[in-house]
Amino acid sequence: RRKSDDKDFAVKNIDIRPLKLQNTYDPDRIIREVRVHGTLVHPNIVKLEETYWTRSDGSVPLSPSEYDRLLIVLEYAPGKELFDEILEKKKIEEERARNISMKVLDAIAYIHNVNILHRDIKPENILLTDDGNVKLLDFGLSRSVGSGSYAKTFAGTPEYFAPEVDPKRRAGGATEGYGVKAD
């Protein structure tokens, strides 16, 4: 809560230390998430307000190699993930699904219009707010691409890959409508 105006915020606290131990650690990926997300202003995207890089002892790092934690201060939007609603209700009524889809598609159209790819859209990254809005979350795999360009690396959550790009699933008649539904 900000003292000057009593405004509430959410904080995403990323512990960088375990990531540094991985062979695939890429500090640019984390910086890219912040840079890309920070440029986005849309009613269906959770707004990134501020970021703070710190060390474990709370002091301010002098260089990126000293980063231990990244605190991402986000717009406070109470609600629940679409994933949790699916688990609770087992199915979503058509009118509600249409409303959610339209808002998510509006956010996707916006980010694509500013040459950004989210690359991990899934129910866990869609927030259903208590006030009835829908917001796209988590830009950790996002990329900024030039106009007419594309990302050259494969990314996303395997459980949500389209059937034709997942070698473990066979392409059949069910894949024809995958662009507008998930089986």
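Here the structure is shown first, and the text comes after it.
Treat the numbers as computed from the prediction; the structure is a model and nothing was measured.

Attention now moves to the layout of surface pockets. In this model, the second largest pocket occupies a volume close to 310 Å³. Together, Lys12, Ile14, Leu19, Gln22, Thr24, Tyr25, Asp26, Arg29, Ile30, Glu33, Asp138 and Gly140 line the second largest pocket. For the lining of the second largest pocket, the elements supplying multiple residues, two or more each, are strand 1 (9-15) and helix 2 (27-38). With three residues, the single largest contributor to the lining of the second largest pocket is helix 2. Taken together, the residues of the lining of the second largest pocket break down into four nonpolar, three polar and five charged.

Turning our attention to the pairing of strand 3 (residues 69-75). The side chains of a regular strand alternate, first on one face of the sheet and then on the other. Sheet topology places strand 1 next to strand 3; seven bridges connect them, and they run antiparallel. Opposite alanine 10, over in strand 3, you have leucine 74 as the bridge partner. Pairing of strand 2 (residues 48-54) with strand 3, which is carried by six bridges, proceeds in the antiparallel orientation. From the neighbouring strand, tryptophan 53 faces strand 3, where its bridge partner is leucine 70.

Attention shifts here to helix 4 (residues 94-113). A rise of 1.5 Å per residue sets the reference length of helix 4, with its 20 residues, at 28 Å; its end C-alpha atoms lie 28 Å apart and thus fit the reference within 8%. Every buried residue of helix 4 is accounted for by Ile100, Val104, Ala107, Ile108 and Ile111. The buried residues of helix 4 all sit within an arc of 100° when viewed along its axis, so they share a single face. For helix 4, the exposed residues set more than 90 degrees away from the buried face come down to Glu94, Glu95, Met102, Leu105 and Asn113. Those residues of helix 4 hidden inside the fold are in contact with helix 3 (82-89), strand 5 (116-117), strand 6 (126-129) and strand 7 (134-136). Count one or two residues on from helix 4 and you reach asparagine 115, which has phi positive near 60°.

Our focus in this paragraph is the packing of aromatic side chains. All told, the structure shown has one aromatic pair when counted by the stated rule. Centroid distance tryptophan 53 to tyrosine 67: 3.9 Å. Interplanar angle 20°. Geometry classified as stacked. Linking tryptophan 53 in strand 2 with tyrosine 67 in the loop between strand 2 and strand 3, this pair joins segments that are 14 residues apart in sequence. The buried category is assigned to tyrosine 67, whose relative accessible area is 15%.

Moving on, we get to the sheet that holds strand 1. Within the open sheet, the three strands sit side by side as 1-3-2. Their pairing is antiparallel. The open sheet has two edge strands with one neighbour each: strand 1 and strand 2. Within this sheet the neighbouring strands show an average axis-to-axis angle of 20°, counted without direction.

Quick notes on the rules
- Residues numbered from 1 in each chain as written.
- Predicted model: local features only at pLDDT ≥ 70, side-chain atom pairs only at ≥ 80, totals over all residues.
- Heavy atoms only, no water.
- 1 Å grid on protein atoms, 1.4 Å probe; cavity = no way out; pocket = protein on both sides within 12 Å on 5 of 7 lines; lining within 4 Å.
- Points joined across faces, edges and corners; volume = space filled by probe spheres on them.
- Helix = DSSP H or I, 4+ residues; strand = E, 2+ residues; numbered from the N terminus.
- Nonpolar A, V, L, I, M, F, W, Y, C, P; charged D, E, K, R; others polar.
- Pairing = 2+ DSSP bridges.
- Expected span 1.5 Å × (residues − 1).
- Buried < 20%, exposed > 50% of the residue type's maximum accessible area, 1.4 Å probe, protein only.
- Arc of directions from axis to C-beta.
- Contact = heavy atoms within 4.5 Å.
- Phe/Tyr/Trp six-rings, centres within 6.5 Å; stacked < 30°, edge-to-face > 60°.
- Axes fitted to C-alpha atoms, helices over the stretch in contact; angles between N-to-C directions.

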